[in-house]
Amino acid sequence: MPHVFEAAPTGRAKCRGCGRPIGKGELRFGERIPNPFAEGETTLWFHPLCAAYKRPEAMLETFAQAPAGIVPDPGALERAARGNSTHRRLPRIDGAEHAPSSQAKCHSCHEPISRGAWRIRLVFYEEGRFNPAGFVHLACRAAYFEGADILAPLLHFSTDLSDEERAELVRTCGDAADAPPRQQS
Ligand SMILES: [Zn+2]
Ligand SMILES: [Zn+2]
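In what follows, the accompanying structure is described. (Residues numbered from 1 in each chain as written. Chains lettered and ligands numbered in written order. Predicted model: local features only at pLDDT ≥ 70, side-chain atom pairs only at ≥ 80, totals over all residues. Heavy atoms only, no water.)

## Topic: the coordination of the zinc ion (ligand 2)
Looking at the zinc ion (ligand 2), the protein donor atoms are Cys106 (SG), Cys109 (SG), His137 (ND1) and Cys140 (SG), and they sit 2.1 to 2.4 Å from it. Coordination at the zinc ion (ligand 2) comes from four donor atoms whose angles at the metal span 100 to 117°, giving a geometry best classed as tetrahedral. Going along the chain, you hit the donors of the zinc ion (ligand 2) in the pattern C-x2-C-x27-H-x2-C. Linking Cys109 in the loop between β4 (93–98) and β5 (118–126) with Cys140 in the loop between β6 (129–137) and α4 (141–144), this pair joins segments that are 31 residues apart in sequence. (Donors = N, O, S within 2.8 Å, 3.2 Å for Na, K, Ca; no water. Tetrahedral: all angles 85-135°; square planar, octahedral: opposite > 155°, others 65-115°. Helix = DSSP H or I, 4+ residues; strand = E, 2+ residues; numbered from the N terminus.)

Right, dumping it as structure tokens:
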């Protein structure tokens, strides 16, 4: 069976991409995959934008076959999927947070991420699951993602941040990665 766009018949399914419920009647994207545990296929449900960022190839495959008019802003969705399909690491972005401890090491520079520093959560997709796969310093984003623009998916999956924290993230990502710290006058 091909992947599918459809209105969610109930509000019970959670999005695989962000972990939040998909509301009844909301548009959802279903990726059909071989069932890793049994015969046949299983469907992974997503908010469309969550799928565009985390499963861009599946989304792009399906895009042309979506019934006309069912996707409210197909251009935005396609841009998000094309953007995240340009680099194999971009679909790993699972949001940003302040490190709660200094235990994790950065996957880019291999130095510890100090407590309180911004870090990017990474997930690896494997057989229908998104498994936690460590962190990179926010400051290492250009090295790890090879200069790709990550702000939109980063904000999209940072659902637990306050407005102030989101604003700080936008400011930080707007600064050149190699710029010296700004002087306070
Ligand atoms: Zn979602
Ligand atoms: Zn680093």
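From this point, the narrative continues.
## Some remarks on the packing of helix α2 (residues 56–63) against helix α3 (residues 74–84)
Across the interface, α2 lies against α3 with an axial gap of 8 Å and an inter-helix angle of 140°. Of the possible angle classes, the one that applies to α2 and α3 is oblique. When the axes of α2 and α3 are compared, the crossing they make is left-handed. For the pair α2 and α3, the contacting residues are Pro56, Met59, Leu60 and Phe63 in the first and Pro74, Leu77, Glu78, Ala81, Arg82 and Asn84 in the second. A class-by-class count of the residues in the contact of α2 with α3 yields seven nonpolar, one polar and two charged. (Axes fitted to C-alpha atoms, helices over the stretch in contact; angles between N-to-C directions. Parallel < 35°, antiparallel > 145°, perpendicular 65-115°, else oblique. Left-handed = near helix turned anticlockwise from the far one by under 90°. Contact = heavy atoms within 4.5 Å. Nonpolar A, V, L, I, M, F, W, Y, C, P; charged D, E, K, R; others polar.)

## A closer look at the environment of Ser158
Along the polypeptide, Ser158 turns up in the loop between α5 (151–156) and α6 (163–174). With 67 residues separating them in the primary sequence, Ser158 and Pro91 have C-alpha atoms 14 Å apart. Not counting chain neighbours up to four residues away, the residues in contact with Ser158 comprise Gly95, Ala96, Arg166 and Leu169. In terms of polar contacts, Ser158 uses its side chain to reach the backbone amide nitrogen of Ala96, at 2.8 Å. A distance of 2.6 Å separates a polar side-chain atom of Ser158 from the backbone oxygen of Leu154. (Polar contact = N/O pair within 3.5 Å; in protein donor to acceptor, adjacent residues only side chain to side chain.)

## Let's talk about the coordination of the zinc ion (ligand 1)
Any two of four tetrahedral donors ideally make an angle of 109.5 degrees at the metal, while pairs among six octahedral donors ideally make 90 or 180 degrees. Within the protein, Cys15 (SG), Cys18 (SG), His47 (ND1) and Cys50 (SG) serve as the donor atoms for the zinc ion (ligand 1), at 2.1 to 2.4 Å. Each of the four donor atoms around the zinc ion (ligand 1) contributes to a set of angles spanning 98 to 119°, which defines the coordination as tetrahedral. Along the chain, the residues donating to the zinc ion (ligand 1) fall in the pattern C-x2-C-x28-H-x2-C. Of this pair, Cys15 sits in the loop between β1 (4–7) and β2 (27–34) while His47 is found in the loop between β3 (41–46) and α1 (48–54), placing the two residues 32 residues apart along the sequence.

## Considering the environment of His107
Within the fold, His107 resides in the loop between β4 and β5. The spacing of His107 and Ala133 is 26 residues in sequence and 9.2 Å in space, taken between C-alpha atoms. Once you skip the residues sitting within four places of it in the chain, His107 turns out to touch Leu122, Ala133, Gly134, Phe135, Val136 and Tyr144. Only 3.4 Å separates the side chain of His107 from the backbone oxygen of Ala133, close enough to count as a polar contact.

## With respect to the nonpolar core
Counting 27 residues, the largest nonpolar core has Phe5, Phe29, Phe46, Ala52, Met59, Val71 and Leu77 as its most contacted members. When contributions to this core are tallied by element, the ones reaching two or more residues are β1, β2, β3, α1, α2 and α3. Element by element, the count of residues in this core is highest for α1, at four residues. Ignoring anything within four residues of it in the chain, the contact list for Phe29 reads His3, Val4, Phe5, Leu44, Trp45, Phe46, Pro48, Ala51, Ala58, Met59 and Thr62. In this structure, Ala133, Val136, Tyr144 and Leu161 belong to the second largest nonpolar core, which totals 23 residues. (Core = buried A, V, L, I, M, F, W, Y, C linked by side-chain atoms within 4.5 Å. Buried < 20%, exposed > 50% of the residue type's maximum accessible area, 1.4 Å probe, protein only.)

## Observations regarding the pattern of salt bridges
Applying the stated criterion to the full structure yields eight salt bridges. The shortest N-O distance in the salt bridge between Arg82 and Glu78 comes to 2.9 Å. On the criterion of helical spacing, the pair formed by Arg82 and Glu78 is a turn pair, its members being four residues apart in helix α3. Using a relative accessible area of 45% as the deciding quantity, one classes Arg82 as partly exposed. For Glu97, the salt bridge identified is with Arg121, shortest N-O distance 2.7 Å. You can see Glu97 sitting in strand β4 and its partner Arg121 sitting in strand β5, a full 24 residues away along the chain. On the basis of relative accessible area, Glu97 is assigned to the buried category, the value being 18%. If you follow the salt bridges from partner to partner, you end up with Lys54, Asp94, Glu97, Arg119 and Arg121 in one network. (Salt bridge = Lys/Arg side-chain N within 4 Å of Asp/Glu carboxyl O.)

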